[in-house]
Amino acid sequence: EENARTTDLVARYGGEEFVIILPYTDHEETVLAGERFREIIASANWDKRAITASFGAATLLPTMGDAAELIAAADAALYMSKQNGRNRVTHAANPP
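What you see is a predicted model, and the numbers here were worked out from it, not measured in a lab.

Cut-offs used in this document
- Per-chain numbering applies: the sequence of each chain, read as written, is numbered from 1 onward.
- It should be noted that, the model being predicted, local features are given only for residues of pLDDT at least 70 and side-chain atom pairs only at 80 or more, the latter also being counted only at that level, while totals for whole chains, interfaces and linings use all residues.
- Water and hydrogen atoms were dropped before computing side-chain values, which therefore reflect all heavy atoms in the structure.
- Helix numbers and strand numbers start at the N terminus; a helix is a DSSP run of H or I with at least 4 residues, a strand a run of E with at least 2.
- Working rule for helices: expected span equals 1.5 Å times residues minus one.
- By the criterion applied in these results, polar contacts are pairs of N or O atoms within 3.5 Å in which, for protein atoms, one can donate a hydrogen and the other can accept it, and in which residues neighboring in sequence qualify only through two side-chain atoms.
- Partly exposed residues are those whose accessible area sits between 20% and 50% of the maximum for their type, while under 20% is buried and over 50% is exposed, using a 1.4 Å probe and protein chains only.
- What the arc covers is the set of directions going from the helix axis to the C-beta atoms.
- Here a residue-residue contact requires only that any non-hydrogen atoms of the pair lie within 4.5 Å.
- Each reported salt bridge corresponds to a side-chain nitrogen of Lys or Arg within 4 Å of a carboxyl oxygen of Asp or Glu.
- One requirement defines pairing of two strands: DSSP has to find at least two bridges between them.
- Nonpolar cores were defined as sets of buried Ala, Val, Leu, Ile, Met, Phe, Trp, Tyr and Cys residues, with membership established by side-chain atoms within 4.5 Å.

For helix α1 (residues 27–43), with 17 residues, the first-to-last C-alpha span of 24 Å sits near the 24 Å given by 1.5 Å per residue. For α1, the side-chain oxygen to backbone nitrogen distance between the N-cap and Glu28 is 3.2 Å, and the N-cap itself is Asp26.

Okay, here's the thing in structure tokens:
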């Protein structure tokens, strides 16, 4: 939370998963924000071992039916990040 903008919402989404809602943020800005968070986590001093993070990002589009579709797109992008080596940001609009 301390590295998020005041307009962003950071919340736990699952056991080891978090969601960051970035209002008024386009596709490119979303990827840059994900990279910023990923680098902050990777460069932090951790007591026991290095920690990395994989990110899945999606941008709300007018063609999406509801929030569940946005979440499903972000979740699929996260899965791609994990499948392609972890410690990366993948946006649903341009998978690897």
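Resuming the write-up.
This part is about helix α2 (residues 67–83). Note on helix geometry: an α-helix contains 3.6 residues per turn, so any two residues three or four positions apart are oriented the same way. Between its first and last C-alpha atoms α2 spans 24 Å; for 17 residues at 1.5 Å apiece the expected length is 24 Å, and the two agree. Of the residues making up α2, those classed as buried are Ala73, Ala77, Leu78 and Ser81. The arc enclosing the buried residues of α2, seen along the axis, measures out at 140°, which places them on a common side. What points out from α2, more than 90 degrees from its buried face, is the exposed set Ala68, Tyr79 and Gln83. Where the residues of α2 are buried, they touch β3 (55–57) and β4 (89–91).

Attention now goes to the pattern of salt bridges. Under the counting rule described, the total for this entry stands at three salt bridges. Where Asp8 meets Arg5, a salt bridge forms, and the shortest distance between an N and an O atom there is 2.7 Å. What makes Arg5 partly exposed here is its relative accessible area of 36%. Note that Arg38 is salt-bridged to Glu39, the shortest N-O span being 3.9 Å. Judged by relative accessible area, Glu39 falls into the partly exposed class, the value being 48%. Three or more residues joined by partner-sharing salt bridges are found here, namely Glu35, Arg38 and Glu39.

The pairing of strand β1 (residues 9–12) with strand β2 (residues 18–21) spans four bridges and is antiparallel. Each bridged residue has a counterpart across the sheet, and for Leu9 the counterpart in β2 is Ile21. In this structure, the hairpin formed by β1 and β2 is closed by a connection of five residues.

Turning next to unusual backbone geometry. Located in the positive-phi region is Tyr24, a residue other than glycine, with phi close to 55°. Among the structural elements, Tyr24 can be located in the loop between β2 and α1. Of the residues examined, Tyr24 reaches a relative accessible area of 85% and is grouped as exposed. Its identity is not glycine, yet Asn87 carries a phi of approximately 50°, on the positive side.

A word on the nonpolar core. Soluble globular proteins tend to pack their nonpolar side chains together in the buried interior. Core analysis: the largest hydrophobic core is formed by seven residues, namely Ala4, Leu22, Ala33, Phe37, Ala53, Phe55 and Val89. Beyond its immediate stretch of four places on either side in the chain, Ala4 contacts Val10, Arg36 and Phe37.

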